Amino acid sequence: MRSTGYRRTVAALSVCSLALVVSACGSGDDTASGKTRITVNCMPPKSAKVDRRFFEQDIASFEKQHPDIDVVAHDAFPCQDPKTFDAKLAGGQMEDVFYTYFTDAKHVVDINQAADLTPYVKELKSYGTLQQQLRDIYTVDGKIYGIPRTGYSMGLIYNKKLFEKAGLDPEQPPSTWEELRADAKKIAALGDGTVGYADYSAQNQGGWHFTAELYSQGGDVVSADGKKATVDTPEGHAVLQNLHDMRWTDASMGSKQLLVINDVQQMMGSGKLGMYLSAPDNIPILVKEKGGDYKDLALAPMPGGKGTLIGGDGYMVNKKARPDQIRAGLQWLDHMFLTPGAGFLGDYARAKKADAPVGLPEPRLFTGAADAKDRQVKKANANVPVENYQAFLDGNQSLRMKIEPPNAQQIYSVLDSAVSAVLTKKDADIDQLLKDASTKIDGILARS
């Protein structure tokens, strides 16, 4: 799954409607006044006024610098609709340069809908500055098929004010699941409807978080070859047992369950929740939409110390694109997203003027000098308490970064059932839940 936003409020991004004719979306021979014409998606909708304005400004500046390229952007909601994504690809209606989640990359290559960018990436100025683990996501059988745009990793958001009220040190967040359980119990003991720790358990979100928690324990959802489930393990058992015990023995997770992300965000924003798992992009949502305060919200690395789930997005190029369109698309990506301290996601000075949050610890896309420049410009324009996120940055250095499993949504649906069972049934049989989940996941993998 993806996280819920970006550095600003970009939670609603675009796809081109299936109702559009092929020439309006995909590659073709059409040019505009002798220019190379490319269609792109993921333009913020008109309802996201600030982001829409920034996106349009950046396209205009790109076209001014590249008068031989005409960029036609498509907007809608969301950036990618899983229900129509494959149909657009198969029907030839996909844009020349199109948005994908990390988990889409191999699938798009497998169905032969992506252009091989390997001969062209040497022309992409920024490519060598991007994190290798993110580049690898779009590399299949040694060939490059996409360019990462953002990346996130899961951590622990916690309420510093509640930590203080519970007699805990807000500068020492829990680093193990045992410590988290103890802290959650103390926070819940404050009473008045206060919940120590909350987790998702519906709409596939429970399976998503089970995966993140399993990674933190050092486990995996599927085997290295992607053919067998690996959830029926001591690590998988530890995840469910911990949730069960916090819910029923400690009473630190509250009585209301089958929660989804909006429920948990509302609890945190209202000051009634001590901790939950999330990526940094949740923090602006908690403040701008849920009533939270930046000074009270801090971020720690995933408890467990062994791994964390990463996700994100990027762009791929339609297999029908001509060489000049591929080159134009890569130049556009460089300009829009991949120049440190500039562009749609990196112009921190512009974002600050628009009262958008600047200083969150992710996305962390670059390495080396490019990363240093990006962080320097971000720090100079920060308008959020960056010290609240230092533990997250420090702790992530030692964690194994793991992408979501193949067939993620189908697998999450299976794991949802296991998570919801332990949170709603005191006598849930954890061993049987994991055995059942393992069998179902094996079936999903066998059919893929």
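For the structure, see preceding data.
The rules we used
- Residues numbered from 1 in each chain as written.
- Predicted model: local features only at pLDDT ≥ 70, side-chain atom pairs only at ≥ 80, totals over all residues.
- Heavy atoms only, no water.
- Helix = DSSP H or I, 4+ residues; strand = E, 2+ residues; numbered from the N terminus.
- Rg over C-alpha atoms; globule rule 2.2 N^0.38 Å.
- Buried < 20%, exposed > 50% of the residue type's maximum accessible area, 1.4 Å probe, protein only.
- Contact = heavy atoms within 4.5 Å.
- Areas by Shrake-Rupley, 256 points an atom, 1.4 Å probe, with all protein chains shown as cover.
- Lys, Arg positive; Asp, Glu negative; His and termini not counted.
- Charge placed at Lys NZ, Arg CZ, Asp CG, Glu CD.
- Expected span 1.5 Å × (residues − 1).
- Disulfide = S-S within 2.5 Å.
- Core = buried A, V, L, I, M, F, W, Y, C linked by side-chain atoms within 4.5 Å.
- Axes fitted to C-alpha atoms, helices over the stretch in contact; angles between N-to-C directions.
- Parallel < 35°, antiparallel > 145°, perpendicular 65-115°, else oblique.
- Left-handed = near helix turned anticlockwise from the far one by under 90°.
- Nonpolar A, V, L, I, M, F, W, Y, C, P; charged D, E, K, R; others polar.
- Pairing = 2+ DSSP bridges.
- Arc of directions from axis to C-beta.

1. Focus on the overall build of the protein chain
Inference 1: Scanning the protein chain for helices and strands turns up 18 helices and twelve strands.
Inference 2: Taking 22 Å as the expected radius of gyration for a compact globule of 448 residues, we find that the protein chain reaches 22 Å, a close match to that expectation.
Inference 3: For the protein chain, with 448 residues in total, the buried portion stands at 58%.
Inference 4: Summarising the internal contacts of the protein chain: among those between residues at least 6 apart in sequence, 78% fall at separations of at least 24.
Inference 5: Only carbon and sulfur atoms are counted for the fraction: they give 50% of the accessible area of the protein chain, which is about 18,000 Å².
Inference 6: Across the protein chain, 52 positive and 56 negative side-chain charges occur, with their mean positions spaced 3 Å apart.

2. Here's the deal with helix H17 (residues 408-424)
Inference 1: Counted at 1.5 Å a residue, the expected span for H17 with its 17 residues is 24 Å, and the 24 Å between its end C-alpha atoms agrees.
Inference 2: Across the 17 residues of H17, twelve count as buried, placing the element largely inside the fold.
Inference 3: Taken as a whole, H17 has its buried residues at Ala408, Ile411, Tyr412, Val414, Leu415, Asp416, Ala418, Val419, Ser420, Ala421, Val422 and Leu423.
Inference 4: Buried residues along H17 sit against helix H8 (205-216), helix H9 (234-249), strand E11 (307-317) and helix H18 (430-447).

3. Quick word on the environment of Gly292
Inference 1: Note that Gly292 resides in the loop between helix H11 (282-288) and strand E10 (297-301).
Inference 2: By relative accessible area, which is 18% here, Gly292 ends up buried.
Inference 3: A C-alpha to C-alpha distance of 14 Å links Gly292 and Asn262, two positions 30 residues apart in sequence.
Inference 4: With near-sequence residues (within four places) excluded, Gly292 lies in contact with Gly269, Leu286 and Val287.

4. Description of the state of the cysteines
Inference 1: Tallied over the full model, the rule gives one disulfide.
Inference 2: Cys42 shares a disulfide with Cys79; S-S distance 1.8 Å. Disulfide Cys42-Cys79: the torsion about the S-S bond is 85°, which places it as right-handed. Within this pair, whereas Cys42 is found in strand E1 (residues 36-43), its partner Cys79 is found in the loop between strand E2 (69-75) and helix H3 (82-90), the two being separated by 37 residues in sequence. No difference in accessibility class separates Cys42 from Cys79, as the two residues are buried.

5. Let's talk about the nonpolar core
Nonpolar side chains in soluble globular proteins generally cluster together in the buried interior.
Inference 1: Among the nonpolar cores identified, the biggest contains 74 residues, and Tyr197, Phe210, Met275 and Ile441 are the most heavily contacted of them.
Inference 2: Per element, the largest residue contribution to this core is ten residues, and it comes from H17.
Inference 3: Discounting chain neighbours no more than four positions away, the residues touching Phe210 are Val231, Gly236, Val239, Leu240, Leu415, Val419 and Leu434.
Inference 4: Cys42, Cys79, Tyr127 and Ile137 belong to the second-largest nonpolar core, a separate cluster that totals 54 residues.

6. What about the packing of helix H2 (residues 49-65) against helix H12 (residues 323-337)?
Inference 1: Where H2 contacts H12, the two axes come as close as 10 Å, and the packing angle between them is 130°. As summarised for this structure, H2 and H12 are arranged oblique, according to the angle between their axes. Helix-helix and strand crossings are classified by hand; for H2 and H12 the assignment is right-handed. Contact with H2, carried on its side by Phe55, Asp58, Ile59, Ser61, Phe62 and Gln65, involves Ala328, Gln331, Trp332, His335, Met336 and Phe337 of H12 and no other residues of that element.
Inference 2: Grouping the constituent residues of the contact of H2 with H12 by class yields seven nonpolar, four polar and one charged.

7. Examining the pairing of strand E9 (residues 273-278)
Inference 1: For E9, a buried count of six out of six residues is recorded, marking the element as mostly surrounded by other parts of the structure.
Inference 2: Where strand E7 (residues 155-159) lies against E9, four bridges are found, and the strand directions are antiparallel. Looking at E9, one finds that Leu156 is bridged to Leu277.
Inference 3: Sheet topology places strand E8 (residues 195-197) next to E9; two bridges connect them, and they run parallel. Pairing of Val195 across the sheet is with Leu273, part of E9.

8. Structural notes on helix H7 (residues 177-188)
Inference 1: For H7, spanning twelve residues, the distance from its first C-alpha to its last is 16 Å, which sits close to the expected 16 Å at 1.5 Å a residue.
Inference 2: Those residues of H7 not exposed but buried are Trp177, Leu180, Asp183, Ala184, Ile187 and Ala188. For H7, the arc enclosing every buried residue in end-on projection is 130°, short of the 170-degree limit, so these residues lie on one face.
Inference 3: The inward-facing, buried residues of H7 abut E7, helix H6 (160-165), E8, H8, H9 and E9.

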